[in-house]
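# Secondary and tertiary structure notes
Listed below are the residues making up each chain.
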Amino acid sequence: MLFSRALIPTVKEVPGDATNQSHILLTRAGFLRKVGAGIYDFLPLGLRVLRKVERIVREEMDRAGGQEILMPVLLPAELYKESGRWDLYGDVLFRLKDRKGGDYNLAPTHEEVVTDIARREIKSWRDMPKNLYQIQTKFRDEPRARGGLLRCREFIMKDAYSFDTTEEGAKASYEAMRVAYTRTFDRMGLRYRMVAADSGAMGGSTSAEFQVLADSGEDAIVACGNCDYAANVEVATARTISPARAAMATTMPIIRLHTPGHGTIEQVTTLLKIKPQDMFKSLLYTAPGSPDLIMVVVRGDHEVNELRVARALGVAEVFLAAEADVKKATGADLGFAGPVGFSGKIIVDRAAAAVRNGVTGANETDWHLGNVNHGQNFQADVVDVRLAATGDPCPNCEKGTFTAYKGIEAGHIFILGTHYSAKMGANFLDESQQSKPVIMGCYGIGVSRLVATAIEQHNDQDGMRWPMSLAPYQLHICSLGKDAPVAEAAKKLHDELEALGVEVLWDDRDERPGVKFKDADLIGIPLRVTIGAKGLANGQLELKPRTEPDPKKAELIAVADAARVLADRVKAALAS
RNA sequence: CGGGGCGUAGCGCAGCCUGGUAGCGCACCUGGUUCGGGACCAGGGAGUCGGAGGUUCAAAUCCUCUCGCCCCGACCA
């Protein structure tokens, strides 16, 4: 491809609304343009990367026994009404009406549609196992689209669905997908962890997320330094160290502490010269169906795991109470809530329950209490409700400790069981002529999100650094100056490489060298070839990998057999 | 959903407080000089100031409504 003919609108200025590297670089390098909130154009280079991601995903799904299908995005509401998600999905579901006033929605995912296929086409135990997948656009009206391609309202996803006759079969299907995902992300050169995850509203028994490690990620995960255990903090078990210590300390009589204007943990610890782990942090939550606020108490240095709070209360989710409600329930301003004397239900985390002679809010503005002890000064249900964090002991091997990471969820695999098949009547006849619901699994990969995710892990101050497997082109030729021999040599090399099956971008523009080098670094094609008049006079051209930080460091290659040598380099990089 | 902020040329922004001829940088076009890490000089084109209504002799500027967009938060009470 000739740069002069391509649409590659690079810009020097950082887009005003971009906050993360992938969004900034995709925009600056001319891969992506914003159309609306969470809605984007893929320009030629961006689409080429997207296609590379799709190709790898497709190859690995096919290898694992999947069959590709294509389901519609526009869905009659009946399907989602049948599964109950027409109501459950709430505002996230894009809804519309046709000219007759009939209800429709845009598909946020396709369990209902694929289950509809299954109930019509999969009738016998002989028809299974099956694995159907598609690469298709999804629509979700996110409360807040953000991060460029990382969280969009319209995005491209690979979703696969497995159908089995038995639990064991479903587990085998799940395992095949796990292996396929590992291969997929390995081929993309990503650093990731497979982590235990919440099955959430999906209602399945087994699920795991593939989290690509990146500081810009929205998800928090913890991983053991000693064994393979890794989990989303939502589900990680945070164990408490030596509860025996608590029993040893003698309790002291409660005291009142004047803390005017000091409401936060940080302010109180500074004022009283104590450590956060000697404080009780009290948060108030509302739960659907419960008129009263629930107080959750964790140690001052810990965070509340809201998912676990919800589980402990037997509800789907809980919400932090509004400021006005907190004042009403405690009689004090924010920052001075505490369990002593609180009349409502209290849940205390196991670690907080072990705190002896701790400090907490007095439910009176500008006052705290000292020497507070669970069991003596307040009663509460003891439940593990805190988030796991760095340094916590691993519950799996009991030797290692957790390290916390930020991750971008790139894939999620579930065993769904009969959640949808039972509800929608996707049944089959087994060998003994009994009708049973098929056992399903579902497996997603965020295809368009991966384009951005790869950049989050592969960039530097000059631009993107694509792995060969995802690069929009494999080799970038910069021809410098206007000398006819240089242009001729570049054209010859370009044509020869294309004939050898190499994807080449030749910067043939009438631009100064600096402009070409800056654009080449920004676009981030893994191999760059420079052809200049001086080198050409010696029969040489220069090869520089994008990952080489020294701009002057380049390998000299004889022009005579450059095409063959370079094609071999590309092949080698693809194979590694 | 709560809080904050922004909509002015293709992009990034100033001007608004204190109403009076719409500006800067990048990009773009023309000519010239340059040419191995985002050149320089000269000239030029390009904007219903998000939209609607109002106040006023006069509105980008003040008021009301509305649409769009961004950030923070959905936590440390």
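## Overview of the sheet that holds strand β17 (residues 346-349)
What the five strands build is an open sheet, ordered β16-β14-β15-β17-β20; its pairing is mixed. The open sheet is flanked by β16 (319-320) and β20 (381-383), the only strands paired with a single partner. Note that strand β14 (residues 280-286) and β16 share two bridges and pair antiparallel. Paired with Y285 across the strands is L320, a residue of β16.

## Structural notes on the protein's contact with RNA strand B
Every one of the 41 residues lining RNA strand B counts as a neighbour, but R144, T264, K281, L320 and D521 are closest to it. Of all atoms in RNA strand B that approach within 4 Å of the protein, 47% are sugar or phosphate atoms. Separating a sugar or linking oxygen of RNA strand B from a side-chain N or O atom of K34 is a distance of 3.0 Å. At 2.9 Å, a backbone N or O of G335 approaches a sugar or linking oxygen of RNA strand B.

## With respect to unusual backbone geometry
P129 follows M128 through a cis peptide bond whose omega is 0 degrees. As for its placement among the helices and strands, P129 is situated in the loop between α5 (111-121) and β7 (130-139). The backbone of N371 sits at a positive phi, close to 60 degrees, despite the residue not being glycine. Assignment of secondary structure puts N371 in strand β19 (residues 367-372). Taking relative accessible area as the criterion, N371 reaches 12% and is therefore assigned buried. With a phi close to 65 degrees, Q433 is a non-glycine residue in the positive phi region. The residue Q433 is located in the loop between β22 (427-429) and β23 (435-437) in this model.

## Considerations on the environment of L50
Tracing the backbone shows L50 in helix α2 (residues 44-63). It is 6.4 Å that separates the C-alpha atoms of L50 and S448, two residues lying 398 residues apart in sequence. In contact with L50, not counting residues within four places along its chain, are F42, I156, V447, S448 and V451.

## Regarding the sheet that holds strand β6 (residues 103-106)
Taken in spatial order, the three strands make up an open sheet running β4-β6-β5, and their pairing is antiparallel. Among the strands making up the open sheet, the edge pair consists of β4 (74-76) and β5 (95-97). Here the average twist between neighbouring strands, direction ignored, is 35 degrees. The pairing of β4 with β6 spans three bridges and is antiparallel. Bridge pairing in β6 places L74 opposite L106.

## Structural notes on the pattern of salt bridges
Within the structure shown, the criterion is met by 41 salt bridges. Across the pair R51 and E54 runs a salt bridge, and its minimum N-O distance is 3.1 Å. Taken together, the residues span about one helical turn, with R51 and E54 both in helix α2 at a distance of three residues. With a shortest N-O distance of 3.1 Å, E364 and R256 are connected by a salt bridge. Pair noted here: E364 is in strand β18 (residues 358-364) and R256 is in strand β13 (residues 255-258), with a separation of 108 residues, a long-range link.

## Some remarks on helix α14 (residues 484-499)
Along its 16 residues, α14 runs 22 Å from first to last C-alpha, staying within 8% of the 22 Å computed at 1.5 Å per residue. Residues of α14 that are buried: V486, A489, A490, L493, H494 and L497. Take α14 and look down its axis: the buried residues cluster within an arc of 135 degrees, on one side only. For α14, exposure combined with an orientation more than 90 degrees from the buried face picks out E488 and A499. Lining the buried residues of α14 we find β27 (475-479), β28 (504-507), β29 (527-531), α16 (533-537), β30 (540-545) and α17 (562-575). Remark: G501 follows α14 within two positions and exhibits a positive phi of approximately 85 degrees.

## Examining the nonpolar core
Among the nonpolar cores identified, the biggest contains 58 residues, and L26, F31, Y181, F185 and W466 are the most heavily contacted of them. Ranked by residues supplied to this core, first place goes to α2 with seven residues. Split by domain, this core shows at least three residues from each of two domains, domain 1 (3-236 + 404-456) and domain 3 (473-575). Setting aside residues up to four positions removed in sequence, L26 forms contacts with F31, L32, L149, V451, A452, I455 and M464. With 26 residues, the next largest nonpolar core counts M71, L132, Y161 and L416 among its residues.

## Here we look at the domain arrangement of chain A
Taken as a whole, chain A is organised into domain 1 (3-236 + 404-456), domain 2 (243-382) and domain 3 (473-575). Domain 1 and domain 3 are separated by 38 Å when their C-alpha centres are compared. Listed as interface residues are 13 residues of domain 1 and, on the opposing side, 11 residues of domain 3. Of the roughly 1,100 Å² buried between domain 1 and domain 3, counting both surfaces, carbon and sulfur atoms make up 63%. Taken together, the links from domain 1 to domain 3 amount to two salt bridges. Note that K52 and E503 form a salt bridge whose closest N and O atoms lie 2.7 Å from each other. Looking at the side of domain 1 that touches domain 3, the elements with two or more residues in it are α1 (21-28) and α2. Counted by class, the side of domain 1 that touches domain 3 contains seven nonpolar, two polar and four charged residues.

What counts and what doesn't
Residues numbered from 1 in each chain as written. Chains lettered and ligands numbered in written order. Predicted model: local features only at pLDDT ≥ 70, side-chain atom pairs only at ≥ 80, totals over all residues. Heavy atoms only, no water. Pairing = 2+ DSSP bridges. Helix = DSSP H or I, 4+ residues; strand = E, 2+ residues; numbered from the N terminus. Near = heavy atom within 4 Å. Polar contact = N/O pair within 3.5 Å; in protein donor to acceptor, adjacent residues only side chain to side chain. Buried < 20%, exposed > 50% of the residue type's maximum accessible area, 1.4 Å probe, protein only. Contact = heavy atoms within 4.5 Å. Axes fitted to C-alpha atoms, helices over the stretch in contact; angles between N-to-C directions. Salt bridge = Lys/Arg side-chain N within 4 Å of Asp/Glu carboxyl O. Expected span 1.5 Å × (residues − 1). Arc of directions from axis to C-beta. Core = buried A, V, L, I, M, F, W, Y, C linked by side-chain atoms within 4.5 Å. Domains from an automatic or database assignment. Buried area = accessible area lost by both parts, 1.4 Å probe. Nonpolar A, V, L, I, M, F, W, Y, C, P; charged D, E, K, R; others polar.

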